[in-house]
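In case you want the letters, here they are:
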Amino acid sequence: MSKVYDIGVLPGDGIGEEVVREGLKVLTAAEQVFGFKTRREHLPYGADHFLKTGEMMPDAAFDRIRQMHAVLMGAIGDPRIEVGKLEFAIIAGMRFKLDLYVNLRPIKLMHESLCPLKDKGPADVDMVICRENTEDAYTGIHGYFKKGTPDEVAQQTMLYTRKGTERIVRYAFELARRRGPKPGAKAPKVTLIDKANAVRAQDLWTRTFAEVAREYPGIETDHAYIDAACMWMVKNPEWFDVAVTPNLFGDIITDLGAMIQGGMGIAASGNIHPGQVSMFEPIHGSAPKYRGQNKANPLATIMAVSLMLDHVGESRAASAIEQAVASLIRSGRIRSLQAGVHGTDELGTLVEHEVRAAVGARA
Ligand code: IPM
Ligand code: MN
């Protein structure tokens, strides 16, 4: 009997619907080739749903999702709605309410033509950022004093817990162990990225990292302040293997990372609680101006499908999708990752066929 996975499908706003449609096309191909099945449940949340019903994301939706294996999300954000409102209810809602404490963001360059850095190729850009996903400035603890007056004061808390820090640090070490050393390296490496010299509360990260590292003698450790890490990522991206960092810095540095792997057209992420329902999404936003124009690049969502399959345990299917995308890029059949160069549906179909063809050829 083939395995069946319950997948929530939340296309969201803007280009979300189109890119998710293509992601599902590739998922269907992977199911047929690798012999598993999905039961898909549409989750209608986003701007249109909110404007029609006044509902953002009800508790009942989270209860449904808790029964599933994974959620595939498109994008959230719409100019008709106050900045951050839907993002907070839906994206942060899932991250917090489902306790998805790992934001896993692989940064892997598939072909040197996609990299804006001089003289850097796929061997140089191959790292995974483990962004803490449930704490820091994202907990929403903020306030104003004398709002709207010349004496206004605004504050927001960067909050870290020992448990929250330890579990993401531990995840990073476990991941490094699974990945093994990079070609030419003696051992896998985990780099802590923080700003403990200025944000002294992050001393908790310094101490926790050192303690957890002691349990992994076979793994090399490194440290970079976030400002320097941005510099090294541009200058010497090959220094990074697995990196672990608090939520806010992780948000920022993974946009930089997306650029050195080819841009928002291909960068994907997993919001993960190991062993529990988790959510997968492209890093890019909803790009409302491209909505419905068949211009958006669905490869980031397709890569999110790959991460999702890895999470549920279909690792062969996951790597077949990654290989298919890589081979289309390396062979020049995908010429560019820029929006509008290829049609949204054209890219989805190319990957779909490549997944089937590659596996057919091996069989
Ligand atoms: C991301 C996004 C979100 C974040 C926004 C939309 C709230 O930028 O997933 O990286 O800051 O986490
Ligand atoms: Mn971001």
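All values reported here derive from a predicted model rather than from experimental measurement.

Here we take up the side chain of Lys195. Note that Lys195 resides in the loop between β8 (189–194) and α6 (203–214). Judged by relative accessible area, which is 17%, Lys195 ranks as buried. Side-chain polar atoms of Lys195 contact the side chain of Asp227, separated by 3.1 Å. Residues in contact with Lys195, not counting those within four places in the same chain, are Gln202, Tyr225, Ile226, Asp227 and Phe249.

If you look at the biggest cluster of nonpolar residues, it comprises 84 residues, and the most contacted ones within it are Cys130, Phe173, Val190, Val244, Leu309, Val325 and Val351. When residues of this core are assigned to domains, at least three fall in each of domain 1 (1–101 + 268–363) and domain 2 (116–261). In this structure, Val244 is in contact with Cys130, Ile168, Val169, Ala172, Val190, Thr191, Leu192, Ile193, Trp205 and Phe209, ignoring residues within four places of it in sequence. Ranked by size, the runner-up nonpolar core spans 23 residues in total, among them Ala47, Met57, Ala61 and Leu98.

The subject of this paragraph is the site of ligand 1. For ligand 1, the full set of nearby residues is Glu87, Ile91, Arg95, Arg105, Arg131, Tyr138 and Asp251. Take Arg95: an N or O atom from its side chain is 2.7 Å from an oxygen atom of ligand 1. A distance of 2.8 Å is found between an oxygen atom of ligand 1 and a side-chain nitrogen or oxygen belonging to Asp251. With the chains in place, 71% of the 320 Å² that ligand 1 exposes on its own is no longer accessible. With 3 residues, the single largest contributor to the shell around ligand 1 is helix α4 (residues 85–97). Grouping the amino acids of the shell around ligand 1 by side-chain chemistry returns 2 nonpolar, no polar and 5 charged. Inspection of the shell around ligand 1 shows a minimum of three residues originating in each of domain 1 (1–101 + 268–363) and domain 2 (116–261).

Between its terminal C-alpha atoms helix α9 (residues 299–312) stretches 20 Å, which fits the 20 Å expected from 14 residues at 1.5 Å a residue. Across the 14 residues that make up α9, a large majority, 12, are buried. Among all positions in α9, only Leu299, Ala300, Thr301, Ile302, Met303, Ala304, Val305, Ser306, Leu307, Met308, Leu309 and Val312 are buried.

Rules behind the numbers
- Residues numbered from 1 in each chain as written.
- Chains lettered and ligands numbered in written order.
- Predicted model: local features only at pLDDT ≥ 70, side-chain atom pairs only at ≥ 80, totals over all residues.
- Heavy atoms only, no water.
- Helix = DSSP H or I, 4+ residues; strand = E, 2+ residues; numbered from the N terminus.
- Buried < 20%, exposed > 50% of the residue type's maximum accessible area, 1.4 Å probe, protein only.
- Polar contact = N/O pair within 3.5 Å; in protein donor to acceptor, adjacent residues only side chain to side chain.
- Contact = heavy atoms within 4.5 Å.
- Core = buried A, V, L, I, M, F, W, Y, C linked by side-chain atoms within 4.5 Å.
- Domains from an automatic or database assignment.
- Near = heavy atom within 4 Å.
- Areas by Shrake-Rupley, 256 points an atom, 1.4 Å probe, with all protein chains shown as cover.
- Nonpolar A, V, L, I, M, F, W, Y, C, P; charged D, E, K, R; others polar.
- Expected span 1.5 Å × (residues − 1).

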